[in-house]
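What follows is each chain in one-letter form.
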Amino acid sequence: GTFTYLYTGTTLGGVSYSSNVAPTDAGTYTLAVSIAATENCNIAAGQGVVTKTFTISPKQVTIPTIASKPYTGELLTATVPTSDAYTIKLNEGGIDVGSYDIVLTLSSTNYVWYNGESTVAGEDAELKFNITKTTNSWSSTPSIPDVVYGNEVNWTAQTNFGSSNIKVYYKG
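Computed from a prediction, not measured in an experiment: that's the story for all the values here.

Q: Mind showing me how you'd approach the overall build of the protein here?
A: On a plain count of helices and strands, the protein comes out with zero helices and 13 strands. Tracing the protein from N to C terminus, the helices and strands come up as β-β-β-β-β-β-β-β-β-β-β-β-β. Here the protein holds 172 residues, and the buried ones make up 21% of them. In the protein, 44% of the contacts between residues at least 6 apart in sequence involve partners at least 24 apart.

Rendered as structure tokens:
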């Protein structure tokens, strides 16, 4: 006989599905397979349709590890690995040493966050990006000129990060 297929169900996103083509989105579905009688073959009572319920599970997406960056005096943002499974919702970073928020959003209900041990509920993953202290040093060695007693001397010395304005007073 001739087989007829009908897939019905609901995606994890709540969309109803009904088609003779197999579903591809995560969700729960029922396949109904029916066989038609032919001129040479009858179908036994109660045997014309067979159904089977099945689930397509969402793919696990590992929450990425975000590396810290050392302070540079400039705006820094996290380097987030790219993926079709999620988009970057928040990654503003900062300038100063500290911890900054990152939010990643799953691109569809066909994905679920995975933290390395178990799945994590929700479409957003909240992470932290850290700017760490750096080692500073002189980019030009400061020198202090000779002065006359009682006079004030001002000089500027340049460091790799920022500048130093130092006033030197000689008193006797």
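Read on for the rest.
Q: Explanation requested: the pattern of salt bridges in the structure shown.
A: Within the structure shown, the criterion is met by two salt bridges. A salt bridge links K89 to D124; the nearest nitrogen and oxygen atoms lie 3.0 Å apart. With K89 in strand β7 (residues 86–91) and D124 in strand β11 (residues 124–132), the pair connects residues that are 35 residues apart, well separated along the chain. Exposure remark for K89: the relative accessible area of 55% places this residue in the exposed category. Its relative accessible area of 25% is what places D124 among the partly exposed residues. The shortest N-O distance in the salt bridge between K128 and D101 comes to 2.3 Å.

Q: Explain the pairing of strand β1 (residues 3–11) here, please?
A: Note that β1 and strand β3 (residues 27–35) share nine bridges and pair antiparallel. In the strand pairing of β3, Y5 is matched with V33.

Q: What is the right way to read the sheet that holds strand β4 (residues 49–56) from this model?
A: In a beta sheet, neighbouring strands pair by backbone hydrogen bonds and run either parallel or antiparallel. Ordered in space as β2-β1-β3-β4, the four strands form an open sheet in which the pairing is antiparallel. Both edges of this open sheet fall to β2 (16–19) and β4, since each of them pairs with a single strand only. Between one strand and the next, the sheet's axes are offset by a mean angle of 15 degrees, whatever the strand orientation. Bridge analysis of β1 against β2 gives four bridges, and the strand direction is antiparallel. In the strand pairing of β2, T10 is matched with S16.

Q: What am I meant to see in the sheet that holds strand β10 (residues 119–120) here?
A: Reading across the sheet, the three strands line up as β5-β9-β10 and stay open at both edges, with mixed pairing between neighbours. A single partner strand is all that each edge strand has here, and the edge strands are β5 (59–62) and β10. Strand direction decides the pairing type here: strand β9 (residues 111–114) and β10, joined by two bridges, are antiparallel. Within the sheet, the bridge partner assigned to W113 lies in β10 and is V120.

Q: What is the right way to look at the environment of A78 in this model?
A: Looking at the element boundaries, A78 is found in the loop between β6 (69–70) and β7. In this structure A78 comes out as buried when scored by relative accessible area, which is 7%. Along the sequence, A78 and F129 sit 51 residues apart, while their C-alpha atoms lie 6.0 Å from each other. For A78, the contacting residues outside a window of four places in its chain are I66, K69, N91, I102 and F129.

Definitions and cut-offs
- Residues numbered from 1 in each chain as written.
- Predicted model: local features only at pLDDT ≥ 70, side-chain atom pairs only at ≥ 80, totals over all residues.
- Heavy atoms only, no water.
- Helix = DSSP H or I, 4+ residues; strand = E, 2+ residues; numbered from the N terminus.
- Buried < 20%, exposed > 50% of the residue type's maximum accessible area, 1.4 Å probe, protein only.
- Contact = heavy atoms within 4.5 Å.
- Salt bridge = Lys/Arg side-chain N within 4 Å of Asp/Glu carboxyl O.
- Pairing = 2+ DSSP bridges.
- Axes fitted to C-alpha atoms, helices over the stretch in contact; angles between N-to-C directions.

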